[in-house]
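Structural overview
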Amino acid sequence: MPRKTEFIPYKTRSILNKHKRPDHWFWTRYTAAPYIGCQHGCEFCYCRENKYAPYEAIEDFPFVIKIKENAPILLRKALNKVSKDMIAVGDYQPAEKKYKISRKMLEVCLDLNFPVFILERSPLVLRDLDLLQEINKRTHVSVLFSIIHTTQSPHADRISSLERLAPSPDLRFNAMEKIASKGIQTGICFMPILPGLCDTRENIDQVIRQCADHGGQFVLASPLTMADQQKTYFLSYLKEHDPGLHELILRLYPPRSYGPGGSTWIETALLVRERCKKFGIRDRMPRPIFTNEKRALNKMAVEYLVEKLYAMELDRYPDYKMWAYRKTAWSVEDLAQDIGLVYKQMGLKGLESIQHVGPSIGKILEQIIIDHRNNMMEPWQSKPPQGSNFKSS
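In this report, we go over the structure that sits alongside the text. (Residues numbered from 1 in each chain as written. Predicted model: local features only at pLDDT ≥ 70, side-chain atom pairs only at ≥ 80, totals over all residues. Heavy atoms only, no water.)

Summing up its helical and strand segments, the protein chain has 14 helices and ten strands in all. Taken along its principal axes, the extent of the C-alpha atoms in the protein chain is 70 × 45 × 45 Å. Looking at the protein chain residue by residue over its 393 residues, the buried ones come to 56%. Taking the intrachain contacts of the protein chain between residues at least 6 apart in sequence as the baseline, contacts between residues at least 24 apart amount to 77%. Summing over all exposed atoms, the protein chain offers an accessible surface of approximately 18,600 Å²; the carbon and sulfur share of this is 51%. Across the protein chain, the mean location of the 57 positive side-chain charges is 5 Å away from that of the 45 negative side-chain charges. (Helix = DSSP H or I, 4+ residues; strand = E, 2+ residues; numbered from the N terminus. Buried < 20%, exposed > 50% of the residue type's maximum accessible area, 1.4 Å probe, protein only. Contact = heavy atoms within 4.5 Å. Areas by Shrake-Rupley, 256 points an atom, 1.4 Å probe, with all protein chains shown as cover. Lys, Arg positive; Asp, Glu negative; His and termini not counted. Charge placed at Lys NZ, Arg CZ, Asp CG, Glu CD.)

Rendered as C-alpha cells:
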C-alpha cells in the first residue's frame, strides 16, 4: 500500500538565513524556506542533504512535511532588521495549496519592498501571480523553473521516474511563459544535469530551445552534486532501480567527491553555452539592479567579473588566475563606496587601492565606469533576449 503523507505544523525559532554576500548564481543574499521536506520527492534532490533535511530516516523526506506555521511572522521581524536585497522564498509543493505559507511570506516581502527570487517545479506559483506582479512593479522578481528534460527527450521516462511527483516539464514551460508575459524575469535551472540521461546533445538542445520559445532569458546549468545522506540514499536507490546509471556515477564521481571528476562537466557546460548563444539567451542569470540603487555600478562590475570568472573556468584557466577575479568580485561587493565616485576622486590609482584590485583588473573596472558614463553600458538584465521566438501577449 502506498505510504500516506504526514503533515506536521510547528513553530520554528528562526526563518531567515543571511549570507555574507549575494550568491553568484542567483544573486540572493537571504533565503527563507516555509517547509522541511518535499512531496515532489525527486530521488536526486540536494535538499535531502542533512543541512536541509534533518530527518533521522531520510526516506521520510517526501512523506513527512514539516510546516513552519509562524514563518510569515518571523520573516517580517527579520526583514525589518536587515538591508534590502534579494531573498529566495517560496515553495509550491502540494502542501502549499492548503497551508499558503509561501503566499503569506510573499505578502511580507511586498509590504517591506524586498526583491524576490523563486525557484520552482510547480505551476502552482501562478496562483500568486498577482503578488509577484506587484512586487516586480515596486522592486524586482525572478522566477526560475527547475527543468532538466522535455517530454520529447531521449530518456524522458527514466528522468520522469527520478522526479517522482514533480509536475511534467510541459506544465512548467507553460507556467514560465505566463510569468514571462507579465514582464517578470524568468529562466531555467538546468540542475542537475544527470550523466547519461540529461547530458545528451538532443536533451540539452530541446531544453534550451523550449526555454527560449517560452520566454526564458537564461539557462543555469550545473552537474549532479552529492553529499552525506543524500549521496548514500541516491546511490542506494540507483543500485536497486537503475544499475547502469549507478555504475556510471561511480565511475565519474571519485570517492568522497561532491561533484564529477575530470573534464566531462566542462564539455557539457560548453555545449550549454553554445546552444544558449544559438537561441539568443544567456547561460548566466542577469543581476537585478533596483531603482535608485546607490551602488548599482558596483553590482554591474561584480556581474562582469563573475561572468569573466565563469568563462575562465570553462576555458580551464589555472586556479591562481581565477582567484584574482573571485577575490576582486568579493572586494567590490563589500565596498561601501560607489566605484564611480572612487574613480572620479582618485582615478585609476583609487580603483587599484581597493583590496585585491591589481593594475590589470583596475583597468577593467575603469573601462566599465567609462562605458557606463558614455551610456555604452547598461544593466544587462534590461536588454531583451535576442533570437527568442517568444512574444509577450
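On we go.
Okay, the sheet that holds strand 6 (residues 87-89) next. As summarised here, the arrangement of the seven strands in space is 2-3-6-7-8-9-10, forming an open sheet in which the pairing is mixed. Looking along the sheet, the strands with just one partner apiece sit at the ends: strand 2 (17-18) and strand 10 (219-223). Direction of pairing for strand 8 (residues 141-146) relative to strand 9 (residues 185-193): parallel, over a ladder of five bridges. The residue bridging L144 from the neighbouring strand is G187, located in strand 9. (Pairing = 2+ DSSP bridges.)

Our focus in this paragraph is the packing of aromatic side chains. Applying the stated rule across the entire model yields seven aromatic pairs. Aromatic pair F26 and F117: ring centres 4.9 Å apart, planes at 35°, arrangement tilted. Linking F26 in the loop between strand 2 and strand 3 (30-32) with F117 in strand 7 (residues 116-120), this pair joins segments that are 91 residues apart in sequence. Taking the centre distance of 5.3 Å and the plane angle of 90° together, the rings of Y46 and Y52 count as edge-to-face. On the accessibility criterion, Y46 (40% relative accessible area) is partly exposed. The exposure class of Y52 is partly exposed, given its relative accessible area of 37%. Stacked on the ring of F279, the Lys or Arg K278 has its end atom at 5.8 Å from the ring centre. Directly above the ring of Y310 sits R284, whose terminal nitrogen or CZ lies 4.5 Å from the centroid. (Phe/Tyr/Trp six-rings, centres within 6.5 Å; stacked < 30°, edge-to-face > 60°. Lys NZ or Arg CZ within 6 Å of the ring centre and 35° of its normal.)

Now for the packing of helix 11 (residues 296-314) against helix 14 (residues 359-373). The contact between helix 11 and helix 14 brings their axes to 11 Å, and the two run at 125°. On the basis of their axis angle, the class for helix 11 and helix 14 is oblique. Helix-helix and strand crossings are classified by hand; for helix 11 and helix 14 the assignment is right-handed. Contacts from L297, M300, A301, Y304 and L305 of helix 11 reach helix 14 at I361, I364, L365, I368, I369 and H372. When grouped by side-chain class, the residues that make up the contact of helix 11 with helix 14 number ten nonpolar, one polar and no charged. (Axes fitted to C-alpha atoms, helices over the stretch in contact; angles between N-to-C directions. Parallel < 35°, antiparallel > 145°, perpendicular 65-115°, else oblique. Left-handed = near helix turned anticlockwise from the far one by under 90°. Nonpolar A, V, L, I, M, F, W, Y, C, P; charged D, E, K, R; others polar.)

With that settled, consider the pattern of salt bridges. Opposite charge on two side chains lets them pair, provided their charged atoms get close. All told, the structure shown has 26 salt bridges when counted by the stated rule. Ionic pairing is found between D334 and R21, a salt bridge with its closest N-O pair at 2.5 Å. With D334 in helix 12 (residues 319-334) and R21 in the loop between strand 2 and strand 3, the pair connects residues that are 313 residues apart, well separated along the chain. You can call D334 partly exposed: its relative accessible area is 42%. In this structure, E274 and R201 form a salt bridge, with 3.2 Å as the shortest nitrogen-oxygen distance. Taken together, the residues span a long stretch of sequence, with E274 in helix 10 (residues 264-278) and R201 in helix 7 (residues 201-213) at a distance of 73 residues. Given a relative accessible area of 37%, E274 falls into the partly exposed group. By sharing partners, the salt bridges in this structure join E96, R103, E107, R127, D128 and D130 into a single network. (Salt bridge = Lys/Arg side-chain N within 4 Å of Asp/Glu carboxyl O.)

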